[in-house]
Amino acid sequence: MTTIPLNPDTVAELQQCLDLLVDDGTLPGGVIAHGTRDDRPAFLTSGIVAPECGSTRPGPDTLYDAASLTKVLATWPLIGTTDGITAETPIRDLLPDMPDPAPGANITVGQILAHTSGLRPETRLDQYRGRTEPLAELICNEPLIAEPGAGHRYINRGFILLGLALAHLHHRPLDELAADLWQSLGMTRTTYGPVSRSADVAPTERRLPGAPRLWGIPHDDNATLLGGVAGHAGVFTTPADLATFAQRLLTAYADGHGLGTWLRTSTEPRAEIEPGLHRGLAWILADDGRIAYHHGFTGTSLYLAPHTGRYLAICTNAVYHHQDNRTHLAPLRNLAIKAVTAD
C-alpha cells in the first residue's frame, strides 16, 4: 500500500483552527500529531498546557487524560490479542460464576464493542456502594434497555465488563496487561493513572469552586471509583505515543498480521450510528469505512486511514474551563476527518 501525506493546505487549516480555539478561550492549548505509517510524525501546537503550569507550552510528550480513547488504546487491542476470544463469545464465558438468569450474561463481545449490547447507557457505578456482589454480576443483573444487537447506543458499561474479563482471564490487573502491550508497541509514556502533577501533565476540570483541580487523576468519575483503572477510561497518553500507536496499527494493517488483522475485522460496519457513520468493533467508521476514529470526552481524538496510511491525533484538555467546552471542538474534529481523507 502506498502512503499519501496530508495536504499542506489542510495542515495549515488545522493549525489555524487550533489557534482560534486557544485564542477564544475554549481550551488552554493543545497538540495535533499527524503523519503516515512510513514517516516521522509531525506536531502542531498552540497555547499553554494550563495556567497551573505557567508558560509551559504543550508538546509531543505532554501527558493528557485520554478518557474514552482508553477503549481503543487498552481494551480493544487486548481483546483482539487474547486467545480464545471472538466477537461471538458471550460475556458469561469470560467472567466467573455469572448467574444464569442475569439479563446481560449472554451479550457478546462483538455487541459490547459495537455498542449494541442493550446494557443501560447510564454508567452510574456509585449506585452500587455498599453492595457485596461482584461488579460484573451487578452490571449484568440490570434489566436490558434493548434487545442485544438491535441498535447502536454508546455504552461504557460493556467496556467495564471487558476490562474485568481481561483481568480475570489473564489473572493480572488490567493496568499491567495494558502496560505490557504499550511497551511492546514502543509507547513509553502511556499509562493508567494516577500520575504525579507536573507541568508536563495537562490538568482538566475543577468540579467545585475552591476545590483542587483534577490533575493526574481521571476526569471520568466511574473510572475513579474503579481506582483509575477501567476498560472504558483512565488512560493517560501523549501525542508522541498516539502517533506511535497509529503507525504500529497502520503498518500491521498493511502487512496483514497481528493487530492489523484485528483492525481489518474491526473496520467492518456493525451498526449504523447515523447516515454516513457506522460503528465497527470499538471504532467509528466514516467515508464508507475507509476512516476509523474515536473520541475522548476530555478533548482527545485519534483518526486512522488504513488505505492511505495516514493518521491524526488530537490532544487537548478542552474540559479545563467547563466540560461543555469539548463540544466546541467540532470544527477541529471535522477538519481532522477532512485531513485524513482529502487528496
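Before reading on, note that the structure itself is shown above.
These figures come from a predicted structure and were not determined experimentally.

Focus: the pattern of salt bridges
- By the definition in use, this model includes 13 salt bridges.
- Taking the shortest distance from any N to any O, the salt bridge between Arg213 and Glu52 comes out at 2.7 Å. Of this pair, Arg213 sits in the loop between β4 (191-192) and α7 (221-225) while Glu52 is found in the loop between β2 (42-47) and β3 (64-65), placing the two residues 161 residues apart along the sequence.
- The class of Arg213 is buried, set by a relative accessible area of 10%.
- Between Asp287 and Arg290 there is a salt bridge, with its nearest N and O atoms 3.2 Å apart.
- By relative accessible area, Arg290 is classed as partly exposed at 37%.
- Each of Arg120, Glu122 and Glu142 takes part in salt bridges that share partners, so that together they form one network.

What to know about the packing of aromatic side chains
- Per the counting criterion, the structure on display carries 4 aromatic pairs.
- Their ring planes at 20 degrees and their centres at 6.1 Å tell us that Trp76 and Trp262 sit as a pair that is stacked. Here Trp76 is found in helix α2 (residues 70-80), whereas its partner Trp262 is found in helix α9 (residues 259-266), with 186 residues between them in sequence. In terms of burial, Trp76 and Trp262 fall into one category: buried.
- Plain terms: the ring middles of Tyr293 and Tyr303 are 5.3 Å apart, the flat faces sit at 25 degrees to each other, and that makes the pair stacked.

Criteria and cut-off values
- Residues numbered from 1 in each chain as written.
- Predicted model: local features only at pLDDT ≥ 70, side-chain atom pairs only at ≥ 80, totals over all residues.
- Heavy atoms only, no water.
- Salt bridge = Lys/Arg side-chain N within 4 Å of Asp/Glu carboxyl O.
- Helix = DSSP H or I, 4+ residues; strand = E, 2+ residues; numbered from the N terminus.
- Buried < 20%, exposed > 50% of the residue type's maximum accessible area, 1.4 Å probe, protein only.
- Phe/Tyr/Trp six-rings, centres within 6.5 Å; stacked < 30°, edge-to-face > 60°.

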